[in-house]
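Listed below, chain by chain, are the residues.
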Amino acid sequence: EVQLVESGGGLVQAGGSLRLSCAASGLTFDDYAIGWFRQAPGKAREGVSCVSSSAGSTYYADSVKGRFTISRDNAKNTVYLQMNSLKPEDAAVYYCAADIKCSKFKMDYWGKGTLVTVSS
């Protein structure tokens, strides 16, 4: 079965950095776009970033542009989200998701999430 496993979450101070990883299995990794989404308590799930299957295209929510960078290592079946200059409003459970194309709203496969906490 398809599995997406996030890691790298934790507690970081505002202004700090964190790198999330999404390890995929059960799918042909380089055929899939991988996106990152987040959900804070009491809020809807929000699309954060996405990278196309070829890594030729990347997308970022306006709220994270210039601070977050998405990348992929197809040899490792892993996508990363480098998060810099973290703000308290970045605190959320972060999920990675896979589909043939990036979507702001819906993806076919989802991980279980990793918690990012940002202290001020």
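Residues numbered from 1 in each chain as written. Predicted model: local features only at pLDDT ≥ 70, side-chain atom pairs only at ≥ 80, totals over all residues. Heavy atoms only, no water.

J.: Quick question: what am I supposed to make of the overall build of the chain here?
T.: The helix and strand inventory of the chain stands at zero helices and eleven strands. Expected size for 120 residues packed as a compact globule is a radius of gyration near 14 Å; at 13 Å, the chain falls within 12% of this value. For the chain, the spread of C-alpha atoms along the principal axes amounts to about 40 × 25 × 25 Å. In the chain, buried positions account for 41% of the 120 residues. Excluding contacts between residues fewer than 6 apart, the proportion of contacts in the chain whose partners are at least 24 apart in sequence is 56%. Split by element, the accessible area of the chain, about 6,300 Å² in all, is 47% carbon and sulfur. (Helix = DSSP H or I, 4+ residues; strand = E, 2+ residues; numbered from the N terminus. Rg over C-alpha atoms; globule rule 2.2 N^0.38 Å. Buried < 20%, exposed > 50% of the residue type's maximum accessible area, 1.4 Å probe, protein only. Contact = heavy atoms within 4.5 Å. Areas by Shrake-Rupley, 256 points an atom, 1.4 Å probe, with all protein chains shown as cover.)

J.: Help me out: how do you make sense of the pattern of salt bridges in this one?
T.: Two side chains with opposite charge may pair up if their charged atoms get near one another. Summed over the entire model, instances satisfying the criterion amount to five salt bridges. One salt bridge connects Asp 90 with Arg 38, and the closest N-O pair in it is separated by 2.9 Å. Taken together, the residues Asp 90 in the loop between strand S8 (78-83) and strand S9 (92-99) and Arg 38 in strand S4 (residues 33-39) connect sequence positions 52 residues apart. Of the two residues examined, Asp 90 and Arg 38, each falls in the buried class. Its salt-bridge partner being Lys 65, residue Asp 62 comes within 3.1 Å of it at the nearest N-O pair. Among the ionic contacts, a cluster of salt bridges with common partners joins Arg 38, Glu 46, Arg 67 and Asp 90. (Salt bridge = Lys/Arg side-chain N within 4 Å of Asp/Glu carboxyl O.)

J.: Help me understand unusual backbone geometry in this model?
T.: Phi angles above zero are rare outside glycine, and Ala 55 is one such case at about 65 degrees. Among the structural elements, Ala 55 can be located in the loop between strand S5 (46-51) and strand S6 (58-60). A relative accessible area of 43% means that Ala 55 is categorised as partly exposed. Unlike most non-glycine residues, Ser 85 shows phi in positive territory, near 50 degrees. Residue Ser 85 is classed as partly exposed on the basis of its relative accessible area of 40%.

J.: Hey, could you run me through the nonpolar core in this one?
T.: Among soluble globular proteins, nonpolar side chains are generally buried collectively. Grouped together as the largest cluster of nonpolar side chains are 28 residues, with contacts concentrated most on Ile 34, Trp 36, Phe 68, Val 79, Leu 81, Met 83 and Tyr 94. The residues contacting Val 79, other than those within four sequence positions of it, are Leu 20, Ser 21, Cys 22, Phe 29, Ile 34, Trp 36, Val 51, Ile 70, Ser 71 and Arg 72. Membership of the second largest hydrophobic core comes to five residues, among which are Ala 33, Phe 37, Ala 97 and Met 107. (Core = buried A, V, L, I, M, F, W, Y, C linked by side-chain atoms within 4.5 Å.)

J.: Could you clarify how one ought to interpret the state of the cysteines in this entry?
T.: Note on terminology: disulfide describes a covalent bond linking the sulfur atoms of two cysteines. Tallied over the full model, the rule gives two disulfides. Sulfur-sulfur distance for the disulfide between Cys 22 and Cys 96 comes to 2.1 Å. Given an S-S torsion of about 65 degrees, the disulfide between Cys 22 and Cys 96 has right-handed geometry. A residue pair is termed long-range when its members are at least 10 positions apart, and Cys 22 in strand S3 (residues 18-25) and Cys 96 in strand S9 qualify at 74 residues. Note on accessibility: Cys 22 and Cys 96 belong to one class, buried. The disulfide partner of Cys 50 is Cys 102, and the gap between their sulfur atoms is 2.0 Å. With the S-S bond torsion at -90 degrees, the cross-link from Cys 50 to Cys 102 turns out left-handed. Of this pair, Cys 50 sits in strand S5 while Cys 102 sits in the loop between S9 and strand S10 (109-110), and the two are 52 residues apart along the sequence. (Disulfide = S-S within 2.5 Å.)

These values are about where atoms sit, not about what they do.
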